[in-house]
Amino acid sequence: MNDAKTNNFLNAIQKYADKQKQDMQQEIETFKAEEMKKAEDEGLKAAYDIIHKEMENNKTVITREFAKKEKESQDELFLERAKMMQTVFDKTTEKLIAYTSTEEYKNKLTLQAQNIAKLFGNKSCIIYINEKDRNFANQLQDCFGGETQVKATPEIKIGGIKVYCEEMNIIADETLDSKLQDQRQWFTENSGLKVV
């Protein structure tokens, strides 16, 4: 009987030990599963963070590259527009220079001198002209009532007259050069060649 009690006792202890072993194995398996899940989650998060960072870097590189290409395109357009505008103004300058050889130009020069002379009355003036217009010097002086000098200046490349009255501190500019220059702004705004 003692053997039966001992066997029962040993069986109970064995059963209890097996149950404890099974519970421990279950806890280990649960712990391992949780740790694996945690490691997977951390790995996925790290992978996501790496992918997200790489995407942000790529986006930055692409945006920078796009901005660079856009700037280069605008610069090219700006240069092309400037060339086209310069061509237009070079041709216009040639036509104006040809115009300064006409009788109409001579009459216009005289008319401009007469109109400016009204502004200055009998005050002393200096009339600035292009070198090639020197032969009109006397005719221009005759339009003014005060003491007048005529001086050729390299500033006037095309033609027309610029008159300065020191006493009134006024300059009247009727040169073709300044009128052409004034048209540059208008041309830029109205030609349709603006680079936006």
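Conventions adopted
- Residues numbered from 1 in each chain as written.
- Predicted model: local features only at pLDDT ≥ 70, side-chain atom pairs only at ≥ 80, totals over all residues.
- Heavy atoms only, no water.
- Helix = DSSP H or I, 4+ residues; strand = E, 2+ residues; numbered from the N terminus.
- Rg over C-alpha atoms; globule rule 2.2 N^0.38 Å.
- Buried < 20%, exposed > 50% of the residue type's maximum accessible area, 1.4 Å probe, protein only.
- Contact = heavy atoms within 4.5 Å.
- Areas by Shrake-Rupley, 256 points an atom, 1.4 Å probe, with all protein chains shown as cover.
- Lys, Arg positive; Asp, Glu negative; His and termini not counted.
- Charge placed at Lys NZ, Arg CZ, Asp CG, Glu CD.
- Core = buried A, V, L, I, M, F, W, Y, C linked by side-chain atoms within 4.5 Å.
- Phe/Tyr/Trp six-rings, centres within 6.5 Å; stacked < 30°, edge-to-face > 60°.
- Expected span 1.5 Å × (residues − 1).
- Arc of directions from axis to C-beta.
- Pairing = 2+ DSSP bridges.
- Axes fitted to C-alpha atoms, helices over the stretch in contact; angles between N-to-C directions.

Caption draft 1: Structural context of the overall build of the protein. Assigned secondary structure in the protein consists of four helices and four strands. Listing the helices and strands of the protein from first to last along the sequence gives α-α-β-α-β-β-β-α. For a compact globule of 196 residues, the expected C-alpha radius of gyration is about 16 Å, and the protein comes in at 48 Å, more than 25% above that figure. The C-alpha extent of the protein, read off along each of the three principal axes, is 160 × 35 × 25 Å. In the protein, buried positions account for 22% of the 196 residues. Sequence separation of at least 24 residues holds for 64% of the intrachain contacts in the protein that already meet a minimum separation of 6. When the accessible surface of the protein is summed, it comes to about 14,900 Å², and 55% of that surface belongs to carbon and sulfur atoms. With 30 positive and 35 negative side-chain charges, the protein shows a spacing of 1 Å between the two charge centroids.

Caption draft 2: The arrangement of the nonpolar core in detail. Core analysis: the biggest nonpolar cluster contains 25 residues, and I116, F120, I127, L140, F144, I161 and V163 have the highest contact counts within it. Of all the elements in the fold, those that place two or more residues in this core are α1 (2-99), α2 (103-120), β1 (125-129), α3 (137-141), β3 (160-165) and α4 (176-190). Considering every element that reaches this core, the biggest residue donor is α2, with six residues. With sequence-adjacent residues up to four places away left out, L140 is seen in contact with L109, T110, A113, I127, I129 and I161.

Caption draft 3: Representation of the packing of aromatic side chains in the model. Tallying each qualifying case throughout the model produces two aromatic pairs. Where Y99 meets Y105, the ring centres are 5.7 Å apart and the plane angle is 75°; that geometry is what we call edge-to-face. We classify Y105 as buried; its relative accessible area is 2%.

Caption draft 4: Layout of the side chain of D133. Here D133 is to be found in the loop between β1 and α3. The residues touching D133, leaving out its near neighbours within four places in the chain, are Y105, L109, G159 and G160.

Caption draft 5: Looking closely at α2. A rise of 1.5 Å per residue sets the reference length of α2, with its 18 residues, at 26 Å; its end C-alpha atoms lie 26 Å apart and thus fit the reference within 8%. Turning to α2, its buried residues are Y105, L109, T110, Q112, A113, I116, A117 and F120. Take α2 and look down its axis: the buried residues cluster within an arc of 160°, on one side only. In α2, the exposed residues that point more than 90 degrees away from the buried face are E104 and K118. Downstream of α2 by one or two residues, G121 has phi in the positive range, about 60°.

Caption draft 6: Structural view of the pairing of β1. Across the five residues that make up β1, a large majority, four, are buried. Both β1 and strand β2 (residues 148-152) contribute to a ladder of five bridges, which runs parallel. Bridge pairing links I129 to A152 in β2. In the sheet, β1 pairs with β3 via three bridges, with the strands oriented antiparallel.

Caption draft 7: Focus on the sheet that holds β2. Read from one edge of the open sheet, four strands run β2-β1-β3-β4, paired in mixed fashion. Both outer strands of the open sheet, β2 and β4 (170-175), are each paired with one neighbouring strand and no more. Averaged over all neighbouring strand pairs, the angle between strand axes comes to 15°, with direction disregarded. Along the sheet, α2 makes contact with β1, β3 and β4, crossing β3 at roughly 15°. Its contacts with the sheet put α4 on β3 and β4, and the angle it makes with β4 is roughly 80°.

Caption draft 8: How the structure looks around α4. Compared with an ideal rise of 1.5 Å per residue, which puts 15 residues at 21 Å, α4 spans 21 Å between its outermost C-alpha atoms and is within 8% of the ideal. Residues L176, D177, S178, L180, F187 and T188 constitute the buried set of α4.

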